[in-house]
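# Results of the structural survey
What follows is the residue order along each chain.
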Amino acid sequence: LKPHLSGFHETPLDTLLQTGEVSTVVIVGLAADNCVFFPAAEAHMRDYHVVVPSDCCAAEIDRERRHALAKMRKFLHADTASSGRVRMRR
């Protein structure tokens, strides 16, 4: 459950990921420009490798989805390849 745009704020997500020694997070969903972008940014700030498969997210306007993916690539160093081409890190 996420009470905000964030998947991390006021949730146990970071603790669960650390406990499981997770280094890569895959974030998918609707509203790539908000509900996907913000958890991706927070994951990046917490030093996770961020994967946002381009074919597993959407936005009301596709131009906004593409723009959000471009920002995630540029600023968050996210892997935004399509789901069949995603590279996972250990």
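Everything that follows concerns the structure shown earlier in this document.
Given the structure is predicted, the values throughout are model-derived calculations rather than measurements.

### Side note on the packing of aromatic side chains
For any two aromatic rings, the description comes down to two numbers: the centre-to-centre distance and the angle of the planes. For the structure on display, the rule yields two aromatic pairs. A ring pair is formed by F37 and F38, whose centres lie 5.8 Å apart and whose planes are at 85°; its orientation type is edge-to-face. With a relative accessible area of 16%, F37 lands in the buried category. Of the residues examined, F38 reaches a relative accessible area of 35% and is grouped as partly exposed. One Lys or Arg, K71, reaches over the ring of F37 and ends 5.0 Å from the middle of that ring.

### Comments concerning the packing of helix α2 (residues 32-45) against helix α3 (residues 62-76)
Packed helix pairs are specified by the crossing angle of their axes together with the interaxial distance, meaning the distance between the axes. The N-to-C vectors of α2 and α3 enclose an angle of 10°; their axes lie 10 Å apart at closest approach. Regarding the angle of α2 to α3, the classification is roughly parallel. Of α3, the residues touching α2 (which contributes A32, D33, V36, F37, A40, A41 and H44) are E64, R65, A68, K71, M72, F75 and L76. A breakdown of the residues in the contact of α2 with α3 according to their chemical character gives nine nonpolar, one polar and four charged.

Criteria and cut-off values
- Residue indices follow the written sequence of each chain, beginning from 1 at its first position.
- Whole-chain, interface and lining totals are the exception, using all residues; otherwise, since this is a predicted model, local features are given only for residues with pLDDT of at least 70 and side-chain atom pairs are given and counted only at 80 or more.
- The side-chain quantities take in all heavy atoms of the structure and omit both hydrogens and water.
- By convention, a stacked pair of Phe, Tyr or Trp rings (six-membered ring in the case of Trp) has centres within 6.5 Å and planes under 30 degrees apart, an edge-to-face pair has planes over 60 apart, and any other such pair is tilted.
- Between buried and exposed lies partly exposed: a residue is buried under 20% and exposed over 50% of the maximum accessible area for its type, with that area taken using a 1.4 Å probe on protein chains only.
- For a ring to carry a charge above it, either NZ of a lysine or CZ of an arginine must fall within 6 Å of the ring centroid while also lying within 35 degrees of the normal to the ring plane.
- Axis geometry follows a simple rule: fit a line to the C-alpha atoms, using only the stretch in contact for helices, then measure angles between N-to-C directions, giving values from 0 to 180 degrees.
- Only runs of H or I of at least four residues qualify as helices and only runs of E of at least two qualify as strands under DSSP, and these elements are numbered from the N terminus.
- Our angle categories are set so that under 35 degrees counts as roughly parallel, over 145 as roughly antiparallel, 65 to 115 as roughly perpendicular, and the remainder as oblique.
- Here, two residues are considered to be in contact whenever any of their heavy atoms come within 4.5 Å of each other.
- Think of it as three bins: nonpolar holds Ala, Val, Leu, Ile, Met, Phe, Trp, Tyr, Cys and Pro, charged holds Asp, Glu, Lys and Arg, and polar takes everything else, Gly as well.

Taken by themselves, the reported measurements are silent on function.
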